[in-house]
Structure formats: C-alpha cells, structure tokens
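# Observations on chain architecture
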Amino acid sequence: MAFVSFLIPCFLMGTDIAYSCQNTEDFVGASSPGDIVIGGLFAVHSEMLHPEEYPIKPVIQNCAGFEIQIFLQTLAMIHAIEMINNSTLLSGVTLGYEIYDTCAEVTKAMASALRFLSKFNSSEDVVEFKCNYSDYVPRIKAVTGASYSEESMAVSRLLALQLIPQVSPASSAEILSDKIRFPSFFRTIPSDFHQTRAMTHLISECGWNWIGVIATDDDNGRFALESFGVQAMANNVCIAFKEMLPAYLSDNTFHAKVDRTVEKIVKETRVNVIVVFMRQFHVLILFKKAIERNVKKIWIASDNWSAAVKISTIPNIRQLGTIVGFGFKSGFKNTSTFQDFLKNLHDKPTDNNKFLREYITLLSVCAHLEYHDFQTCISNQSQDDLLQNVENKQQIWRDDFLNANIEPGFIHSTILAVYAIAHAIKGQCKDRNCKDPSAFTPWELLEELKKVTIIDDDKEITFDSNGDMSTNYDVLLWKEIDGHMEITTVAEYDPEKDDFIFEDEEKKKQFLDLKKVQSTCSQHCRPGQMKKVTESPHTCCYECVYCPENHYSNQTDMDYCYRCNNKTYWAPVNSTTCYRKTIHFLAWADWFAIFLLLLSAFGVMLVLSISVIFTKNLNTPVVKASGGLTVCYIILFSHFLIFLSTVFFIDEPTEFKCKTRQALFGISFALCISCILIKSLKILLAFSFDPKLQNFLKCVYKPVPTVVTCTGIQVIICTFWLIFRTPFVKQNFSIPRAIILECDEGSIVAFGIMLGYIAALAFICFIFAFKGRKLPENYNEAKFITFGMLIYFIAWIVFIPVYATTFGKYLPAVEIIVVLISNYGILCCTFLPKCYIILYKQETNTKSAFLKMIYTYSSKSAGSVAVSQVSLDSKSSSSRATISDSCKSEKYSVNGNCHFQVPGQRLIKGKVLPKNTVRAIARKRLSSI
C-alpha cells in the first residue's frame, strides 16, 4: 500500500489522460473494416478533463478514468460481430465496426455521432445538409450504444435526422420509449419504468415506507427519480429525502455534496433503506465516505451498478449493510462464449483497438498489486505515462481479472443489440447485394429492425411498440462468502406479471430475510387501529389510534377503519372484526316469561275452577242471579281467551303471532265487557224505582243483540286493521349490540281505536254498575263490577306511558302484565264473591235467604218512597192537589188512594203496604234477577 500511495500521485502528475485527438482517425477507439459498418458508443473512460486555460476553446478534450466494465462491453460487441462473421447468418456479408469512447460526456458522444452522420467514403468526414436524406448513405448503418441515457438522448436526436437505428444495451431512461421524440432508438433492456416498479414492489413487499433516494443530477437520474416517485406514491411509499449529486466528477462541488448527503443519511435514523440511481464511479466515492461514517443501511442498487465488481471489492464494504439490486437478465450461453473469447484476448492484434492497448499497458504497471489496489491502479493511470511500460505484456497478463469484472447483464444486452442489428440486415439483404454499401439505407434498416425476432435461450424476443425488449430482471443480493463480497442472484423479476420468481426455498428465505429491517416513519398500526395523519406533509408519518365503536380494521397500517353494518353487526373499540348482533326477544326460557306464563296458567286454572263450581251449583240462587250458566260460560270463555292471548306475546315473533295476539285480546275483552254490561243493565233494571230510567232500561236491555253488536264492532275494527295496516315483525336496532325482534302494530291509530273502544265499553259498564252500587247488602255484584272496571282503567292508564317509554325485549311483557292485571281484576271482582258465597256461606245461597234479603231491601225502598210522599203532603195543599190530579190523570188510583208502581209490578198504595204485598214484590224481584 505504501508503494501504491507513492505511485499514484506520481502518475497523476502526468494529468491522467487518454490519447489526444490530433485528427479524426485518432478519435476512433476500435475499428474493423466490413461490407456493412456498425458504430459503437461506450463510455470507456469515466470523465473528460476540462482545460484550465482561458478563454475556453472548442476543442475535444482528453479523457481519464479507465472503466473495466465498459471496456468489457466494447469487447462484447467485437466478440458478437466476430461470431456473426464466422456464422452463416449474413451469408458472406461481413460486418465491420467503429467504436468510440464517449468518456461519459454528452459533448464527446455528440462529436462521435457527427462522424457517424458523415457521408460514406468521404475523405473529409463531411456531413451534408439535405432536405431529404432518403437516398443518403452515411458512414455507418446502425449504432450500438450509448452507455448512459443522457448520452443516448442527445445522440438519438442527431441520428434521428437520418433515421439511423440506434440500439442501446444500457440506456434505460423511461423517456427514451417516446417514439415521437426518439423515433430511431431501440434498446435490448427494459425501461426504467419496470425497474422502478420492481423497486417499489420490493419495498412494499418488505414493509418499508420511509426511504431515501440518491441520484445523479443528469437526465438519467432525474427521469429515474421522477419515475420512482410516481411508483412509490402508488404503493404508499414516502421519500424522506432526495439528494442529487453532480453528474461529472470534475464538478468542484461534488465532494462537498457527497459529504452533505452522507450527513443527511446519518441524521435520518428512521431511514434504513436508500435507493441509489447513480453511475459506478459516483457510488464508489459515496460508499467510501459512508464507510468512514459507519453508515449501515439497506442499499437498493439500480442496474447501473448493481453488479459492479469494483464496488463490491471496496475494503470493508460489508460494514455498509445489505446491498440488493436489479440487474439485466443475463444469458448463460452468451456469457460462457464471451469468457472463452477473453481467454484468447492476449493473442488479439491491438493495432486497431486503442482500448485494448491501453488496458495491456495498465496491466504492465499494476500487475504487482493486490486485487483491490490493482483495480484502483487501473482506474487511475494515464495512457501517456504508461507507454514506456509496454514490454513483457505476455508475462503480466491476468485472465482472472477480466472474468471477475464481467457484468453478465450488460454483456448479454450488448451481444443482443449486435445480433438484433444483424438480423435486421439479414432481412434487408434477402434480395439485395449487401456487399454494396448503398444497397439499403439506414431508414430501411430501421423498419426492418422493428420486425426482428431473436432466439435467446430458446425464447423469442422482439422489440415492442416503444422499441424496448421486455426482458426480466435478476434480483441481486451482495453476500459475504469466505471474506469476499459475492454478487448472487436470489430471484427473478417478471415485469409483465409484476412478481418475483424464486428458484428454491433457500433463495426465497434470503429474500424474505430483508423484512427483518424496519424502515418506517411511524410504527406499524396493528389490526384494530387506523392511521391518523399528523402535521407531517408525508402520509407515511402518522399516529395509530383505535378504531371507534362499530368500526374495525383487520390489517396492519390501515388508513381508515371499516364500518360494521349497524343493523346486523357491532364492534367494540379497537376491534379487528365485526360481531353479529344477538337476536333478543321474550323467549320461553326467560325467567320473567316463565313467571308471566305461570300467572296466565293460574288464571286459566282459576277460570276452569270457577266453571266447575258454577256447573255443580247450577240451580242455586247465586248462579241464577249471575245471569245463568250460559252467560257465565261466555264470560269465563272470554277470560280464558284473554289469558290464552298472552302466549302469543312470548317467544320469537312471527307474522301470525303479531296478527293474532292483539285481535284475540281485543275481541275477547270486548265480548267479556259486553256480557258484563248486560248484567249491569239487568241488575239496574231489577232494582230501579225511577220510572224514566225503567223505560230507558227496558228499551236498551236486549241481551243477545247487545252482545253481538258490541262484539261485532270490535271484530270490524280488528278486521280493517288486519287488512289495511296489518301488524308485522320488525327488527329494532336501537340497542347497540342486539337486534330486538318485536311486533310493529302497523298502525298506532288502529291499535288506539281498539283499546279506546274497549275503554268506552268499560266506561259505560262502569256507569251502569255505579248506578246499581246500593243493591241489597248480600247481593253486591254491581259494586264489584264497578271495582273491576276501576282496576281496568287504572291498569291501562298506567300502561300508556310505560309502554311508550319502554323498549327492548321486555316490551311485550308490559302489555302482558296489563292484560293480566285487568283480566284478573274483572275475573276476581265478577266471580270470586259468588264463589265465596257458594263455598263458605251456603246458608245465604238459598231461595228463602234471597227472598228475605230482597224483602228487606224492597220494604226499605218502598218505605222510603212513602216517607217521601208524606213529607210532600205536609208541605202544601196545592202539592196534594197536584198529586191527586196526577193520580187521577194517570189512572193509578185505587179506592181514592194514590199508588206507586214498583218496577215490573202493579201499583202499590201510597199509604201502608201490607206484608203479603211486600213478600210478593220480593218474589217478583228475585225471579227478575
């Protein structure tokens, strides 16, 4: 190393130059004659030196920095042409070549292109200006190159003037696919569009979304950065920083900007993945400085340097971290034949190949150095200073060095470019004598090139409409093996399928191991969370917040939470899924339903018990006084139906249940109250002493028509309700985590009319029963009917607000409770007092006892009437005269005395009633009751 440190400055003192351009022939780097000549443009040197003199003159300057990899591409072109000439592909037509060094400089590339445009066989290399170049025969028929997209853009515009086909093996800028601006440009590699898409696919696959990008500040770098930015945005990948480095090493700000870039990388601690679109000599300098700062990242390499051996041999390169890149697909056959070509390279003549002469000279000087120092020496020596060391070149030849620096992708694409031109020439030479240079023109060859098909590794390859060959990429992973960095292929990327292809599980595992490195602006949001954008302009920088209630997320890093279907599903806070709502209704197994059913069952048993008691005591006064067995059975049957209707309020609602329960309850209740109303009328008719009321009650009291009419009206109400606004099953979603199955009444108005009608009947019944509340003490049915109606009113008045404010599965239970209360109230008030007399006061349940009770009540009632009459007589004679006249006019006078009429009996005298008359009245009342 000490010797190298001394040697390099000594050589640099000679200003590190290549051959000076004294005339046009010196400008050619390598050439060979042929019937048809193909041009070549390769950046064999990495930079063109700039003069320090002032003013600057329009002189093509010298170049420096010998590039082994590009030199190998020139050899690949020569090798391909030699193979074609030694084959039967062109049937005796030989290909020649003229290869020029662009020195990675657009100006030098355009100078070479001008020479290509010069007229064939012109001694002065004159480019004629013409309006029509259809018959113009230039110096060459096609061009292979250039090495960099920026050069190809400039050269292609010049070549397009004469439509000279240009086939590049390395220029991948997406803009070159534009056939309007670059009509004669082709390439044997995919566009950068596919490369940037492959990169973003890799980044997304590994879960990275916070990365840095470094590119050269030239057309290729800018277009690659633009394409990558579009692809990154589409894949939700954010670019934390973008650094642009000068395209030319001669730029005096280059090293300062590299330092600034490295500093930026060090500061961005969350950025662990960096994409690099740069030329090899740029990457070499960047990595050396990054190693000094102990930077350890994942570096994603573009096709320019992904297989660069001179970078992989940098000392301590493993300290940089992991390097994964994309290289052009290589053909095994082409690579192996090229390696055989290199083995015999030292036997090749060097007269017409200045690049080979320069390389041999470099070998002579640097042969004694170790591998990496040898590589550095090759890149830094100048041709002029090495001319004196050309002796003994056979002794210092190193076969392994060139083979080690082969980049298979570029070698393969270069050979494909030559073969594509050769196949197009073959198509033009079918019916022509191509030994004549004017047999066809470049624009005719261009049209033929569009239709070319090449067989490569048993696959047919053609140019697409953009002039690109859509070949696959090799995914390259740099691994340290036995202390040396090796560039290995772990996968293949198919642009058409946008997917990675793995040969075996081991390579797939190596690829997936990249996921272990995190490169995100924020932590990943777990399922059950969503991203909340912060104040950062980047969407990749966010906070993770829990999904709110009834929302969920089932993947990581979701931008928003999905909403559950609120009708049938629910989700708690921070949920990863939706849960189906449980369906609630008042089930048979519910304890409260069981309790209500037991009450209904008890009511049914009570009804049956009363029926048995009344049947056994059919001929007793109590049963007869209750209206007879028929009326009692009808009332008891209606009570039974009311208890039965509660069953339809329990368990899962159905259309049948919803329609049946209210109709059954309403009609049964109307029937019950109608019968009780008839009983109230009958009792009031039997014991009323008011003549006007007697007449009214006689008109109203028609049992069968009244019951049928009252019940029939309710039937009509329920029928219209069921026809026009029928109840139906409804799902109630008001409870967040449950669905309440309930019956919608269809029409609240109809429901209210039904209940209101029952209330009206009950109110009329209450009025008549209240009128007869002062019946004989032992015969107090009207009093209990009044009390039963009061219970009904209270229950249903309370029901209305409770029903309106209650929701959930226990809503039907509210109505069941009210139905049971009102039904029990009326049943108990109507029948239990009678059952009590029948069972426990049998002495009062006799005909004599009833006669005595009615006799007593009738005596008191008649006495009260007589007393009232006497008091009237004592008041005034006019009153007596009025009464006497009244008696006469009404013909109710017997033997000159005025009589009072007992309902349903003959007139009774206004004086003193005999005992036998009172007994007769009592018997009549008993029979009427």
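Residues numbered from 1 in each chain as written. Predicted model: local features only at pLDDT ≥ 70, side-chain atom pairs only at ≥ 80, totals over all residues. Heavy atoms only, no water.

## Here's the deal with the overall build of the chain
Selection criterion: A run of H or I in DSSP becomes a helix once it reaches four residues, and a run of E becomes a strand once it reaches two; helices and strands are each numbered from the N terminus. Note on classification: 1.4 Å probe, protein chains only; a residue is buried when its accessible area is under 20% of the maximum for its type, exposed when over 50%, partly exposed between these limits. Should any heavy atoms of two residues lie within 4.5 Å, those residues are counted as being in contact. Only the protein chains shown count as cover for residues, and the accessible areas themselves come from Shrake-Rupley with a 1.4 Å probe.
Within the chain one finds 30 helices and 30 strands. Taken across its 929 residues, the chain has 53% of its residues classed as buried. Look at the contacts in the chain between residues 6 or more apart in sequence, and 70% of them connect residues 24 or more apart. Roughly 42,600 Å² of accessible area belongs to the chain as shown, and the carbon and sulfur atoms make up 58% of that amount.

## Describing unusual backbone geometry
Residue glycine 145 is joined to alanine 146 through a cis peptide bond whose omega torsion reads 5°. Relative to the elements of secondary structure, alanine 146 occurs in the loop between strand E6 (142–144) and helix H5 (149–159). Unusually for a residue other than glycine, aspartate 498 sits at a positive phi of about 50°. Mapped onto the fold, aspartate 498 is located in the loop between strand E17 (484–494) and strand E18 (499–501). Judged by its relative accessible area of 25%, aspartate 498 falls in the partly exposed class.

## Examining the pattern of salt bridges
A side chain with one charge may pair with a side chain of the opposite charge, provided their charged atoms come close. Condition: By salt bridge we mean one thing: a side-chain nitrogen of Lys or Arg within 4 Å of a carboxyl oxygen of Asp or Glu.
Counted according to the given criterion, the structure contains 30 salt bridges. The partner of aspartate 219 in a salt bridge is arginine 222, and the shortest N-O contact between them spans 2.9 Å. Remark: arginine 222 and aspartate 219 occur in helix H7 (residues 219–234); sequence separation between them is three residues, near one turn of the helix. Assessed through its relative accessible area of 38%, arginine 222 is described here as partly exposed. Here lysine 509 and aspartate 513 are joined by a salt bridge, their closest N and O atoms 3.5 Å apart.

## Describing a nonpolar patch on the surface
So the rule is basically this: Surface patches are drawn from residues lacking salt bridges whose relative accessible area is over 30%; two like charges belong together within 9 Å, two nonpolar side chains (Val, Leu, Ile, Met, Phe, Trp, Tyr) within 5 Å.
A cluster of nonpolar side chains, contributed by Phe787, Leu790, Ile794, Val798 and Val802, occupies part of the molecular surface with about 430 Å² of accessible area. Position of isoleucine 794 relative to the elements: it lies in helix H26 (residues 781–805).

## Looking at the sheet that holds strand E1 (residues 28–32)
Our working rule: Following DSSP output, two strands are said to pair if at least two bridges run between them. Angular values range over 0 to 180 degrees, each being the angle between N-to-C directions of two axes fitted as lines to C-alpha atoms, with helices fitted over their stretch in contact.
In spatial order, the strands read E1-E5-E2-E6-E7-E8; together these six strands make up an open sheet with mixed pairing. Two strands in the sheet have a free side with no partner beyond their single neighbour: E1 and strand E8 (185–187). On average, adjacent strands in this sheet sit at an angle of 20° to one another, irrespective of strand direction. Both E6 and strand E7 (residues 166–168) contribute to a ladder of two bridges, which runs parallel.

## Focus on the packing of aromatic side chains
Rules: Pairing of aromatic side chains requires ring centres within 6.5 Å, counting the rings of Phe and Tyr and the six-membered ring of Trp. Pairs whose planes differ by under 30 degrees are stacked, by over 60 edge-to-face, and all others tilted. Charges are assigned to positions over rings by a cutoff of 6 Å between ring centre and Lys NZ or Arg CZ, combined with an angular limit of 35 degrees from the ring normal.
On inspection of all chains with the given rule, the structure shows 41 aromatic pairs. Judged by centre distance (5.4 Å) and plane angle (90°), the rings of phenylalanine 287 and tryptophan 305 are edge-to-face. Remark: tryptophan 305 occurs in the loop between strand E12 (297–301) and helix H10 (309–312) and phenylalanine 287 occurs in helix H9 (residues 280–292); sequence separation between them is 18 residues. When sorted by exposure, phenylalanine 287 lands in the same class as tryptophan 305, which is buried. Pairing phenylalanine 338 with phenylalanine 341 gives two aromatic rings, centres 6.0 Å apart and planes at 20°, and the pair type is stacked. Here the residue phenylalanine 338 and the residue phenylalanine 341 both occupy positions in helix H11 (residues 332–343), the gap between them amounting to three residues, near one helical turn. Across this residue pair, the class does not change: phenylalanine 338 and phenylalanine 341 are buried. Positioned above the aromatic ring of phenylalanine 186 is the side chain of lysine 179, whose terminal nitrogen or guanidinium carbon lies 5.8 Å from the ring centre.

## What about helix H27 (residues 811–840)?
Rules: The span you would expect from a helix comes to 1.5 Å times its residue count less one. The quantity called bend is, for any residue, the angle between two axes fitted respectively to the seven residues ending at it and the seven beginning at it.
Here H27 is 30 residues long and its end C-alpha atoms lie 41 Å apart, about the 44 Å a rise of 1.5 Å per residue gives. In H27, a bend of some 35° at cysteine 828 exceeds every other bend along the element.

## Some remarks on the environment of leucine 618
Secondary-structure assignment places leucine 618 in the loop between helix H19 (591–616) and helix H20 (621–625). Considering only alpha carbons, one finds leucine 618 and leucine 629, 11 residues apart in sequence, at a separation of 6.8 Å. Contact partners of leucine 618, with chain neighbours within four places excluded, come to Val623, Lys624 and Leu629.

## Digging into the sheet that holds strand E25 (residues 582–584)
Across the sheet, which stays open at both edges, the three strands sit in the order E25-E27-E26 with mixed pairing between neighbours. Sheet topology places E25 and strand E26 (728–732) at the edges, where each strand pairs with a single neighbour. On average, each strand axis in the sheet is tilted by 30° relative to the strand beside it, whichever way the strands run. Sheet analysis places E26 next to strand E27 (residues 738–744), joined by five bridges and oriented antiparallel. Within the sheet, the bridge partner assigned to lysine 730 lies in E27 and is glutamate 742.

## Quick look at the pairing of strand E14 (residues 453–456)
Successive residues of a regular strand alternate their side chains across the two faces of the sheet. Across the two faces of E14 the burial differs, with Ile454 and Asp456 buried and Thr453 and Ile455 not buried at all. Bridge count between E14 and strand E15 (residues 459–462): four bridges; the pairing is antiparallel. The residue bridging aspartate 456 from the neighbouring strand is lysine 459, located in E15. In sequence, E14 turns back onto E15 through a hairpin of two residues, with aspartate 457 there showing a positive phi of about 50°.

## Focus: the confidence of the model for the chain
The condition is simple: Confidence of the predictor in every single residue is expressed as pLDDT, which spans 0 to 100.
Averaged over all residues, the pLDDT of the chain is 82; the fraction at 70 or higher stands at 82%. This model gives residues 390–395 a pLDDT under 50, and the stretch forms seven contacts once residues within four places in sequence are excluded.

## Observations regarding the environment of cysteine 366
Its location among the elements puts cysteine 366 in helix H12 (residues 354–366). Remark: the alpha-carbon pair of cysteine 366 and threonine 376, spanning 10 residues in sequence, is separated by 9.1 Å.

## Brief notes about the side chain of glutamate 407
Our working definition: Counted charges follow a simple rule, with Lys and Arg positive, Asp and Glu negative, and His plus the chain ends left uncounted. Definition of a polar contact: a pair of N or O atoms within 3.5 Å, with one able to donate and the other able to accept a hydrogen when the atoms are protein atoms, and with sequence-neighbouring residues admitted only if both atoms are side-chain atoms.
With respect to the secondary-structure elements, glutamate 407 resides in the loop between helix H15 (399–404) and helix H16 (408–428). No salt bridge is formed by the buried glutamate 407. Its closest oppositely charged neighbour is lysine 310, at 7.9 Å. In terms of polar contacts, glutamate 407 uses its side chain to reach the side chain of glutamine 280, at 2.7 Å. Sequence-distant contacts of glutamate 407, that is, excluding residues within four places in its chain, are made with Gln69, Gln280, Ala307, Ala308 and Val309.

## Observations regarding H12
The first and last C-alpha atoms of H12 sit 18 Å apart over 13 residues, in line with the 18 Å expected at 1.5 Å per residue. The buried fraction of H12 amounts to 12 of the 13 residues, a majority that puts the element mostly inside the structure. Of the positions making up H12, those classed as buried are Lys354, Phe355, Leu356, Glu358, Tyr359, Ile360, Thr361, Leu362, Leu363, Ser364, Val365 and Cys366. For H12, the capping residue at the N-terminal end is asparagine 353, with a side-chain oxygen 3.2 Å from the backbone nitrogen of phenylalanine 355.

## Observations regarding the side chain of threonine 200
You can see threonine 200 is positioned in helix H6 (residues 192–205). At 2.9 Å, the side chain of threonine 200 and the backbone oxygen of arginine 197 are in polar contact. Sequence-distant contacts of threonine 200, that is, excluding residues within four places in its chain, are made with Phe228, Gln231, Ala232 and Asn235.

## Here we look at the state of the cysteines
The line we're drawing: Put simply, a disulfide is two cysteine sulfurs that come within 2.5 Å.
Taken as a whole and judged by the stated rule, the model has eight disulfides. Paired by a disulfide, cysteine 63 and cysteine 103 hold their sulfur atoms 1.7 Å apart. Its torsion about the S-S bond being 105°, the disulfide of cysteine 63 and cysteine 103 is classed as right-handed. With cysteine 63 in strand E4 (residues 63–66) and cysteine 103 in the loop between strand E5 (95–101) and helix H4 (106–117), the pair connects residues that are 40 residues apart, well separated along the chain. For the pair cysteine 63 and cysteine 103, a shared accessibility class is recorded, and that class is buried.

## What about the nonpolar core?
Which entries qualify depends on this criterion: Put simply, a nonpolar core is a bunch of buried Ala, Val, Leu, Ile, Met, Phe, Trp, Tyr and Cys residues held in one set by side-chain atoms that sit within 4.5 Å of each other.
Ranked by size, the top nonpolar core spans 71 residues in total, and within it Phe614, Phe665, Met789 and Trp796 carry the most contacts. If you tally residues by element for this core, the top one is H27, at 14 residues. If we skip the residues at most four places from it in the chain, methionine 789 touches Ile676, Ala762, Cys765, Phe766 and Ile826. Core analysis: the second largest hydrophobic core is formed by 69 residues, Ile84, Leu90, Phe338 and Cys377 among them.

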